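# Summary of structural features
Next come the chains, spelled out residue by residue.
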Amino acid sequence: MERKARKQAKKAKKKGGDGNEESKQQQTGKGKTEDKEGQEESSKPKKTVKVDKTEKDMKKETNKPNKTVKVDKVKPAPTPSTSVPNKKEEKKKKTPKEPVQEKQQQTQGSEVGGDEADGATGGKSKAELKRERREKQEAQRLAKMAAKTKAVEEKQPKKKVESQADKKSSTVDKKKKGSGDAGKSGKEKSGDKKSTKRRIPLLGHLTPPALQAPHAPVNSEIIHPAVRTLGIKMKDRVIDGSTARVISTLVALKKLINDYQTPESCDLSRDLAEKLAPNVEYLNACRPQAVAMDNAIRFLKHKVNSIAPNMPEGQAKDELRTAIEDYIKENITLASSAIASHAAYLMQPNDVILTFGYSGLVCEMVEAACKNGNIVNVVVADSPQPPSGLAMVQRLASFQVPTYYRLITDITNVMDKVTKVVVEAEAVMMNGAIQGLCGTTSLALAAATYHKPFIVLCHTYKFCNNDLTDSIVVNELGDADKVVWGPKGSNAGLLAGWQETRNLNVVSLVYDVTPASLVTVLVTEQSVLPTSAVPVIIRRNYADVLGQD
Amino acid sequence: MPAQSSLSEECGGENAALLLLKFLKIRQEHKMCNCYIASVEIKMRPEVQAVVLAAGPGMRMTALTATSPKCLLPLATLPMLAFPLHLLQQAGLEEATVVVAAGEEVRVSKVVEQCGLTINVDSAPVNTSTDPGTADSLRHILHKIKRNVDDVVIVSSDLVTDVKLQDVLDFHRAHGSTLTALTAPLTPPQHQPAPGPKTKPFTSSDVMVTESESGRLVLVVAGGDYDHTLTLPSVRSSKAPLLVSTSLLDAHLYIVKRSILEQCLAKESACQDMGSFKAEILPYIVSRQFQPQNKEAGPDEDFESLVSQYNTSVVMSRHHTSASFSSITCYAYKHQGLCVRVNTIPTYWDINRRMYSLIDKVLPGLSEPRRHPSAQIHEKAQVSEDSVVGAGTLVSEKTNITSCVLASHCRVDPMARLSNSVLAHHTAITSGCVVENSLVRASLNHKCVLKNCIVTDSSRIQEGKTYMNEILEATPEFV
């Protein structure tokens, strides 16, 4: 008995399943016809349709802006004869609602009510026309955005309904397609991890920080273990600061060269250059390269390229290894002590020095000044995230230097006591602009306001033959979550869900750019220079390396 | 980006052209093309070597391991060993050294092809008559560890987890760790009670002391190495808050620097008499972190001190400016997810029963179907959706199977009723049997009723009898 009953249930189930399939087919069939109509009648009195309407309007308007009013005035065409499709339609139309919202969240448009257009038909008031215009602009903006992401999206298989809709719209012009894609991209993005995909206005061109190291199998044939370890350390900010990154990069590449073997019938220089490229790219994918790293890698590539083809492998490798060691020694170890002694001469007894965050060079300078007999006071201004200045204070304390620790928000209170502002640059641009860790410019501005000298320490290998005038064009995005989670306390995590909050952007930039006019003097290992001398140094020292591209 | 990609395409094209040119040239000269291709592919130095310890006798599940080695016990339809091997393969490892009990090499090496794995297995037999510990096994295969790898991954054959080895490795690399141990919160079995007579868990759990934020291992004491009380030695130089935990499972997956492993396993080292890696060598390495060390005054090849001098990082590591890290640092990677060691009957039972829902998680990419296409299920048989049916299994009509695991080549005769049970390979259930919540590893040739039983020997089953909470195994010979 029991079994019979079960069998019947099974059968019923089967039937039910079939029924569902049938209804699905119906649905899709209806969907087609509706799509057709949807193109013609752009506005419908139903509430559920409104979002869709706006989207379609946007498409229309981008195409033929002159006709907007006309199109909108078209009265709703009679709905399909059967009563069932109405429900279906509602279901169908509800789905695209999400992507539209998502999309707007991403674009962070200022138009809060953009998608809240009411579904009224007939005569348009001025306000409505205005709104339409705004929508039009919005659509154009979206189209632009979509064009950026298009390359990725085109590879993805299009969804059935959407592709159908595309087919039906007889005049598929590029912009229209673009706006359609924008909707789709919204859908795709919502599926992915939120934090990575969110683009911040004005800074959309910067790559978001890598959450995961690029995928490569264990014992990869391309990526050297040392490079890999370094990449992960840089990604996790275990190694930070351009000097430390340069040294460790060179050391990792040295290990690569150590383990390298030239295949038979291949030139070392040619093959090694090929093998280096993916490794450098890996590092770059873990964290965007600093300017100084870029210079150091250029130097190494130049060395590799200039190895004579008939040189034996052992000798060539030796040459490269010594070149790397010499580079570190000349440009970092020796240069640092030269900079420290140059800068120490600028110090006078009882100077109060303001500096920012952790800086190995400033530490050395203070040490050298102490050795000269000039006891200086140091004020370490620090950013709350990351608080690298703590280590600075700890290190200065070991020199018996009077030290003060303040947050950067606080520096105006100490500026009248400060006599000199000394910072280390991450890079120096051709136009004399200084790229420093974010916050350096605030010190420069404070120094200018209080008429205090602003002294910048920098190794010359960090000079770069690019011009920078602002910190938006070239910069690096830090992990915004860390800013939100930074301070530990009762309200930590208050903004934990900021990604879900519309119109809220949390940005953490790594560098800022100080214009040359704010820099009093630039201390390098070669001499104490004004910023106008930067091009001279670059030409003199790096013509052979930098001239390559 | 487009510029880059086109560039790389160009390069690729250039390479191909170049290769072809050279290829033709060589062929003209030597008429040996294979030789050339082989010579081009000089691989990058390998970073990691994997060792799977699969010689364990399964002391805590003797009822099951009497007939087959522990590493080959089936979990659902696959042998246990397939799980760690798959874990390694997923991470991209191409070969693994598997330590097995002598005499089982052939069966073990068959596992790979059986399960559709592509990893190369180098099986190293050890003589189990002397009851070697894990450390002895490692000493035995020490010569097989390549001299140029950085790290050795040691994994036990009884690990079932959904952790990604890549993540653990990244953690290991990022921390510059000497030894990284995979840990996970201990979870009680979901399916209780396990068949057989009720037993108490017989070992106390491990004690792990970690720095709560960084996960640095400060102290490890294996369960069973302490009685009711445990005195924690004062731990120096650690300002971070410590987390003392007895609810962490040590998953027996370790990533160890080759140098330290060789040091510990060498003949003259302090641990030459240690038998167990986990209970003796691991605590030894962990404790060595805090021993004062004579700093090697050799030249700073890697410019490590220079790096830490300029490092602006706020992450505490050996590269940090004010770091006072010794050359040995041990960390625990805390995995929040599935991580089970199948080394007791309750865990074996639990994993087998859960395998239906776990199989996608723990074996991603290895599509082992829950119902093998070669299984023959009679259309009048009732097999519930959540049952696993292996290859070549025959289910006859008028049977009722709910939430069961039938391994491959089983036979269920008409009128049998199975519920919540696990059948090993090649078991036959004769008609009329009723099996509930039982582990069956031998054919039931007589009609009987089993509840909460483990069957490994069918000769003890009598016609028409009912068994409850029993282990029906072959009587030991000496009785």
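Residues numbered from 1 in each chain as written. Chains lettered and ligands numbered in written order. Predicted model: local features only at pLDDT ≥ 70, side-chain atom pairs only at ≥ 80, totals over all residues. Heavy atoms only, no water.

## Considering the overall build of chain B
- A tally of helices and strands in chain B yields 11 helices and 30 strands.
- Counting all 479 residues of chain B, 51% fall into the buried class.
- Expressed as a percentage of contacts within chain B between residues at least 6 apart in sequence, the contacts between residues at least 24 apart total 56%.
- Of the roughly 22800 Å² of accessible surface on chain B, 52% is carried by carbon and sulfur atoms. (Helix = DSSP H or I, 4+ residues; strand = E, 2+ residues; numbered from the N terminus. Buried < 20%, exposed > 50% of the residue type's maximum accessible area, 1.4 Å probe, protein only. Contact = heavy atoms within 4.5 Å. Areas by Shrake-Rupley, 256 points an atom, 1.4 Å probe, with all protein chains shown as cover.)

## Describing the overall build of chain A
- The helix and strand inventory of chain A stands at 20 helices and 11 strands.
- The buried share of chain A, taken over its 549 residues, is 48%.
- Summarising the internal contacts of chain A: among those between residues at least 6 apart in sequence, 79% fall at separations of at least 24.
- Summing over all exposed atoms, chain A offers an accessible surface of approximately 27300 Å²; the carbon and sulfur share of this is 53%.

## Observations concerning the pattern of salt bridges
Residues and elements named next belong to chain A.
- Inspection of the entire model under this criterion finds 29 salt bridges over all chains.
- With a shortest N-O distance of 2.9 Å, Asp-240 and Arg-287 are connected by a salt bridge. In this pair, Asp-240 is assigned in the loop between helix 10 (225-235) and helix 11 (242-259) and Arg-287 in the loop between helix 12 (268-286) and helix 13 (291-305), connecting sequence segments 47 residues apart. As far as the burial class goes, Asp-240 and Arg-287 line up, both buried.
- Residue Asp-410 pairs with Arg-406 through a salt bridge whose shortest N-O separation is 2.6 Å.
- We classify Arg-406 as partly exposed; its relative accessible area is 27%.
- Connected via shared salt-bridge partners are Arg-237, Asp-240, Arg-287 and Glu-476. (Salt bridge = Lys/Arg side-chain N within 4 Å of Asp/Glu carboxyl O.)

## Concerning the sheet that holds strand 21 (residues 411-412) of chain B
All names here are of chain B.
- Spatially, the four strands line up as an open sheet ordered 15-18-21-24, and their pairing is parallel. Every interior strand has two partners, whereas the edge strands, strand 15 (376-377) and strand 24 (428-429), have only one.
- Taken together, the two bridges between strand 15 and strand 18 (residues 394-395) define a ladder with parallel strand orientation. Bridge pairing in strand 18 links Gln-376 to Leu-394. (Pairing = 2+ DSSP bridges.)

## Details of the packing of helix 10 of chain A against helix 12 of chain A
Residue and element names in this part refer to chain A.
- Viewed as axis vectors pointing N to C, helix 10 and helix 12 meet at an angle of 20°, and their least axial separation amounts to 8 Å. On the basis of the axis angle, helix 10 is roughly parallel to helix 12. The chirality of how helix 10 crosses helix 12 is right-handed. Judged by residue contacts, Val-227, Arg-228, Leu-230, Gly-231, Ile-232, Met-234 and Lys-235 of helix 10 engage Asn-279, Tyr-282, Leu-283 and Cys-286 from helix 12.
- The residue inventory of the contact of helix 10 with helix 12, partitioned by class, reads seven nonpolar, two polar and two charged. (Axes fitted to C-alpha atoms, helices over the stretch in contact; angles between N-to-C directions. Parallel < 35°, antiparallel > 145°, perpendicular 65-115°, else oblique. Left-handed = near helix turned anticlockwise from the far one by under 90°. Nonpolar A, V, L, I, M, F, W, Y, C, P; charged D, E, K, R; others polar.)

## Things to note about the confidence of the model for chain B
Residue and element names in this part refer to chain B.
- Mean pLDDT over chain B stands at 81; residues scoring 70 or higher make up 86%.
- Looking over chain B, one finds the lowest element-wise mean pLDDT in helix 2 (residues 33-40), namely 39, and the highest in strand 6 (residues 151-156), namely 94.
- Of the regions scoring below 50 in pLDDT, residues 1-14 engages in one contact with residues more than four places distant in sequence or in other chains.
- Taken as a whole, residues 26-40 scores under 50 in pLDDT and shows 11 contacts with residues more than four places along the chain or in a different chain. (pLDDT = per-residue confidence, 0-100.)

## Comments concerning the interface of chain B and chain A
- Counting residues at the interface gives 48 residues for chain B, matched by 59 residues for chain A.
- Together, the buried faces of chain B and chain A total about 4600 Å²; carbon and sulfur atoms form 56% of this surface.
- When the buried surface of chain B facing chain A is broken down by residue, B:Met44, B:Tyr310 and B:Thr312 rank first, second and third, together holding 17% of it.
- Applying the counting rule to chain B against chain A returns one salt bridge.
- For B:Arg45, the salt bridge goes to A:Asp259, with nearest N and O atoms at 2.5 Å.
- Our count for the contact surface shared by chain B and chain A stands at 18 residue pairs in polar contact (both at pLDDT 80 or more).
- If you list the elements that add at least two residues to the side of chain B that touches chain A, you get helix 1 (2-30), helix 2, helix 7 (165-175) and helix 10 (304-310) of chain B.
- Among the elements that make up the side of chain B that touches chain A, the one with the highest residue count is helix 7 of chain B (six residues).
- When the residues that make up the side of chain B that touches chain A are grouped by side-chain class, the tally is 17 nonpolar, 17 polar and 14 charged. (Buried area = accessible area lost by both parts, 1.4 Å probe. Polar contact = N/O pair within 3.5 Å; in protein donor to acceptor, adjacent residues only side chain to side chain.)

## Description of the UniProt feature "domain: Nucleotidyl transferase" (unreviewed entry) in chain B
- Under the UniProt annotation, the feature "domain: Nucleotidyl transferase" (unreviewed entry) is placed at residues 50-185 of chain B.
- Note that residues 50-185 of chain B is 30% helix and 29% strand, and that its end C-alpha atoms are spaced 24 Å apart. (UniProt positions renumbered as here; feature names shortened; annotations may be inferred.)

## Details of the environment of A:Val376
Residues and elements named next belong to chain A.
- Relative to the helices and strands, Val-376 resides in the loop between helix 15 (360-371) and strand 2 (377-382).
- With relative accessibility at 1%, the residue Val-376 sits in the buried group.
- Along the backbone, Val-376 and Gln-348 are 28 residues apart, and their C-alpha atoms lie at a distance of 7.6 Å.
- Residues in contact with Val-376, not counting those within four places in the same chain, are Met-347, Gln-348, Asp-351, Ile-353, Val-366, Val-401 and Pro-402.

## Considering the packing of helix 8 (residues 258-265) of chain B against helix 9 (residues 277-288) of chain B
All names here are of chain B.
- With their axes 12 Å apart at the nearest point, helix 8 and helix 9 run at an angle of 115° to one another. Our pair here, helix 8 against helix 9, has a crossing hand that is right-handed. Residues Ile-260, Leu-261, Gln-263, Cys-264 and Leu-265 of helix 8 lie in contact with helix 9, whose contacting residues are Phe-277, Ile-281, Tyr-284, Ile-285 and Arg-288.
- Considered class by class, the residues forming the contact of helix 8 with helix 9 number eight nonpolar, one polar and one charged.

## With respect to the UniProt feature "domain: Mannose-1-phosphate guanyltransferase C-terminal" (unreviewed entry) in chain B
- Under the local residue numbering, the UniProt record ascribes the feature "domain: Mannose-1-phosphate guanyltransferase C-terminal" (unreviewed entry) to residues 372-464 of chain B.
- In residues 372-464 of chain B, helix accounts for 0% and strand for 34%; the two terminal C-alpha atoms are 32 Å from one another.

## Some details on the nonpolar core
All names here are of chain B.
- Ranked by size, the top nonpolar core spans 69 residues in total, and within it Leu-75, Leu-85, Leu-88, Leu-182, Leu-253, Tyr-348 and Met-355 carry the most contacts.
- It is helix 11 (residues 345-362) that provides the largest number of residues to this core, a total of eight residues.
- Two domains share this core, each providing at least three of its residues, namely domain 2 (48-228 + 238-353) and domain 3 (370-472).
- The residues contacting Leu-85, other than those within four sequence positions of it, are Val-52, Ala-96, Val-98, Val-112, Leu-117, Ile-119 and Val-121. (Core = buried A, V, L, I, M, F, W, Y, C linked by side-chain atoms within 4.5 Å. Domains from an automatic or database assignment.)

## Side note on the environment of A:Thr460
Residues and elements named next belong to chain A.
- Structurally, Thr-460 is set in the loop between strand 7 (454-457) and strand 8 (463-464).
- Taking the C-alpha atoms as reference, Thr-460 lies 12 Å from Ala-338; in sequence the two are 122 residues apart.
- A distance of 2.6 Å separates the side chain of Thr-460 from the side chain of Glu-525, its partner in a polar contact.

## Here we look at a positive patch on the surface
- Together, A:Lys126, A:Lys130, A:Arg133 and A:Arg134 make up a region of like positive charge exposed at the surface.
- Structurally, the position occupied by A:Lys130 is in helix 6 (residues 126-153). (Patch = residues over 30% accessible without salt bridge, like charges linked within 9 Å, V, L, I, M, F, W, Y side chains within 5 Å. Lys, Arg positive; Asp, Glu negative; His and termini not counted. Charge placed at Lys NZ, Arg CZ, Asp CG, Glu CD.)

## Brief notes about the side chain of B:Ser387
All names here are of chain B.
- By the element assignment, Ser-387 lies in the loop between strand 16 (382-383) and strand 17 (388-389).
- Polar contacts involving the side chain of Ser-387 include one to the main-chain amide nitrogen of Cys-404, which spans 3.1 Å.
- Excluding residues within four positions of it along the chain, Ser-387 makes contact with Tyr-356, Arg-370, Arg-371, Ile-401, Thr-402, Ser-403 and Cys-404.

## With respect to unusual backbone geometry
- Across the junction of A:Gln385 and A:Pro386, the peptide omega takes the value -5°, indicating a cis bond.
- Examined against the element boundaries, A:Pro386 turns out to sit in the loop between strand 2 and helix 16 (389-397).
- Backbone geometry places A:Asn350, a non-glycine residue, at a positive phi of 60°.
- Here A:Asn350 is to be found in the loop between helix 14 (313-346) and strand 1 (352-356).
- Looking at A:Asn350, the relative accessible area reads 59%, which means it is exposed.
- The backbone of B:Asn469 shows a phi angle near 50°, a positive value even though the residue is not glycine.
- Structurally, B:Asn469 can be placed in the loop between strand 29 (466-468) and strand 30 (471-472).

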